[in-house]
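Letter by letter, the chains look like this.
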Amino acid sequence: MTASGMNVSAGASIPDYKKLRNYLITSVTQDHGVDDLSPEKRRSAVEDRLKEAISRTKLTFPDSIRVSLIRDILDEVTGYGPIQPLLDDPNVTEIMVNGPQKVYVEKMGLLELTNVVFEDDFHILKIIDRIVSPLGRHIDSDSPMVDARLPDGSRVNAIIPPCAVDGASLTIRKFRKEKLTIAQLIEANSLTQAMADFLRACVLGRLNIIISGGTGSGKTTFLNVLSGFIPEEERIVTIEDSAELKLQQVHVVRLETTLASVEGHGAVGIRELVRNSLRMRPDRIVVGECRGGEALDMLQAMNTGHDGSLTTIHANSPRDALSRLETLVLMAGMDLPLKIVRQQISSAVDVVVQMSRLRDGDRKITAIAEVAGMEGDVIVLSDIFKFNKTGVDAAGKILGQHKATGIRPLFGPRLEAAGFKLGADIFGATAADMAMAHQRR
């Protein structure tokens, strides 16, 4: 292709732009010597070659088009194509590619359609392959689903035909670069200071905690926050499908599942890793998510001296979380009576923290409940804190308030033995209630 057949101006046609773009991509990718460079140096080297290639075309066009063109080609050659600007946008928390013309993002908890487009389905497949190939994974019609992660830790799921009826689909849950703090969550009204103090005492008091919530409710993010309360001197083993947790402590061993090879060998699941972790002398076991038979191994670990364990589970309420845990235990293949399963759960789990993403996009802790033993065949749950909705304002924001229920947990003596004497006011007792209790003594 030569410059003589090209006339690029501020009003250049789309076909002309595409021709120029494809010509420049070919020009900068046919040169070798940059693949072994670091990502930053490679991008810089490609940018230098790109500017030289543009100069050789002898074409003149506005700076705005030049800048856009260079960025577009750099993203295509050294990044992840059209979605690279979305990956660079700190306000985007999730990217959903439903097809070449349908790219959605989540911002502030709400979904919106973007103006980002791919050339065609093959273009999407090329970007998916660019993501998974460096990890030794592949995707094709015989293996149409793949989970992976980007170098920054962002979680990736891709699914292609024949499973994806309308074409390839790509979903990226972005990894937050800055570690969220409990203070930021309090400022965002996700929970109160009293709730934070209570949960901190629970972690330091080595209670077993399950974080429950729906997809995208913030379970993993809050698990990261809670793990920050674990003392530095303890040995922590984390177990995940895709390593997302970023614990700040020094003594952390991170374990991650592996998929089977092309020959069908070498798969290691969460359950195997939980079992192996018990031989690693852990002070704490942190499982990113219980979603299968590993729930039984986790409960057994909690019941045999591994106090202070943390995990997450998909459920819409604390009661649903325990029901789902029952189901997951039964998936382990052990023929256990339901009452025995419930006894295992009630003796192992101390606290259920419910995370929710509200209709307005806000993420909040909507309940903190104590697992208070058994009554007959039923596990007893007691709400310690609840978020009570009161209405919706003119802007569509959900109004409400976090409140203590007034119930003091039965594990209070365990917290006191660990050095945490929480005041009655944390649990909703009024000054009059406390004065009456003092008189009774």
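Keep in mind the model is a prediction, meaning the values are calculated, not measured.

Chemist: Teacher, can you tell me more about the overall build of the protein chain here?
Modeler: Regarding its fold elements, the protein chain presents 14 helices and 15 strands. Taken over 441 residues, the protein chain has a buried fraction of 46%. Residue pairs in contact within the protein chain that sit at least 24 positions apart in sequence constitute 54% of those at least 6 positions apart. The averaged location of the 57 negative side-chain charges in the protein chain is 3 Å from the averaged location of its 53 positive side-chain charges.

Chemist: Whenever I open this one, the confidence of the model for the protein chain confuses me. Can you help?
Modeler: For residues with low pLDDT, the predicted coordinates do not support detailed interpretation. Per-residue pLDDT for the protein chain has a mean of 86; in total, 91% of the residues score no lower than 70. Of all secondary-structure elements in the protein chain, the lowest mean pLDDT belongs to helix 14 (residues 431-440), at 46, while strand 7 (residues 209-213) reaches the highest, 97. Here residues 1-15 scores under 50 on pLDDT; set against residues more than four positions off or in separate chains, the count is 19 contacts. Taken as a whole, residues 431-441 scores under 50 in pLDDT and shows 3 contacts with residues more than four places along the chain or in a different chain.

Chemist: Would you mind going over the sheet that holds strand 14 (residues 378-392) with me for this structure?
Modeler: Sheet strands line up and pair through hydrogen bonds in the backbone, either parallel or antiparallel. Taken in spatial order, the 9 strands of this open sheet run 9-8-10-11-7-12-13-14-15, and their pairing is mixed. With one partner strand each, in any of the chains shown, strand 9 (252-256) and strand 15 (398-404) form the two edges of the open sheet. Each strand of the sheet is rotated relative to its neighbour by a mean of 25 degrees, with strand direction disregarded. Here 2 bridges tie strand 10 (residues 284-287) to strand 11 (residues 310-314), and the two strands are oriented parallel to one another. Bridge pairing in strand 11 places Val286 opposite Leu310. The strands that helix 7 (residues 193-204) touches are strand 7, strand 10, strand 12 (351-357), strand 13 (363-375), strand 14 and strand 15; relative to strand 13, the one it contacts most, it runs at about 50 degrees.

Chemist: In this structure, what is going on with the pairing of strand 5 (residues 155-159)? I would like to understand it.
Modeler: On a regular strand, each side chain points to the face opposite its neighbour's, so the side chains alternate between the two faces of the sheet. Of the two faces of strand 5, the one lined by Val156 and Ala158 is fully buried and the one lined by Arg155, Asn157 and Ile159 carries no buried residue. Across 5 bridges, the pairing between strand 4 (residues 145-149) and strand 5 is antiparallel. Bridged to Asp147 within strand 5 is Asn157. Two successive antiparallel strands, strand 4 and strand 5, enclose a turn made up of 5 residues, where Gly153 displays a positive phi of approximately 100 degrees. Looking at chain direction, strand 5 and strand 6 (residues 169-173) are connected through 5 bridges and run antiparallel. Paired with Arg155 across the strands is Arg173, a residue of strand 6.

Chemist: Would you take a moment to explain the sheet that holds strand 2 (residues 102-107) for this structure?
Modeler: If you trace the 6 strands from one edge of the open sheet to the other, you get 3-2-1-6-5-4, paired in antiparallel fashion. On the outer flanks of this sheet lie strand 3 (110-113) and strand 4, each paired with one strand and no other. Strand-to-strand twist across the sheet, computed as the mean angle between neighbouring axes with direction ignored, equals 15 degrees.

Chemist: Sorry, what's going on with the packing of aromatic side chains here?
Modeler: Each aromatic ring pair is described using two quantities: the centre-to-centre distance and the angle formed by the ring planes. For the structure shown, the criterion picks out 3 aromatic pairs. Where Phe198 meets Phe411, the ring centres are 6.0 Å apart and the plane angle is 25 degrees; that geometry is what we call stacked. Linking Phe198 in helix 7 with Phe411 in the loop between strand 15 and helix 13 (412-417), this pair joins segments that are 213 residues apart in sequence. Exposure remark for Phe198: the relative accessible area of 0% places this residue in the buried category.

Chemist: It is not clear to me how the packing of helix 10 (residues 294-303) against helix 12 (residues 338-348) should be interpreted in this structure. Could you clarify?
Modeler: A packed helix pair is summarised by two numbers, namely the angle formed by the two axes and the spacing between the axes. Two elements in contact, helix 10 and helix 12, have axes whose closest approach is 9 Å; the angle formed by their N-to-C orientations is 50 degrees. Relative to helix 12, the element helix 10 lies oblique. The handedness of the crossing between helix 10 and helix 12 is left-handed. Facing Leu299, Gln300, Met302 and Asn303 of helix 10, the residues of helix 12 in contact are Gln344, Ile345, Ser347 and Ala348. Broken down by class, the residue content of the contact of helix 10 with helix 12 amounts to 4 nonpolar, 4 polar and no charged.

Calculation criteria
- Residues numbered from 1 in each chain as written.
- Predicted model: local features only at pLDDT ≥ 70, side-chain atom pairs only at ≥ 80, totals over all residues.
- Heavy atoms only, no water.
- Helix = DSSP H or I, 4+ residues; strand = E, 2+ residues; numbered from the N terminus.
- Buried < 20%, exposed > 50% of the residue type's maximum accessible area, 1.4 Å probe, protein only.
- Contact = heavy atoms within 4.5 Å.
- Lys, Arg positive; Asp, Glu negative; His and termini not counted.
- Charge placed at Lys NZ, Arg CZ, Asp CG, Glu CD.
- pLDDT = per-residue confidence, 0-100.
- Pairing = 2+ DSSP bridges.
- Axes fitted to C-alpha atoms, helices over the stretch in contact; angles between N-to-C directions.
- Phe/Tyr/Trp six-rings, centres within 6.5 Å; stacked < 30°, edge-to-face > 60°.
- Parallel < 35°, antiparallel > 145°, perpendicular 65-115°, else oblique.
- Left-handed = near helix turned anticlockwise from the far one by under 90°.
- Nonpolar A, V, L, I, M, F, W, Y, C, P; charged D, E, K, R; others polar.

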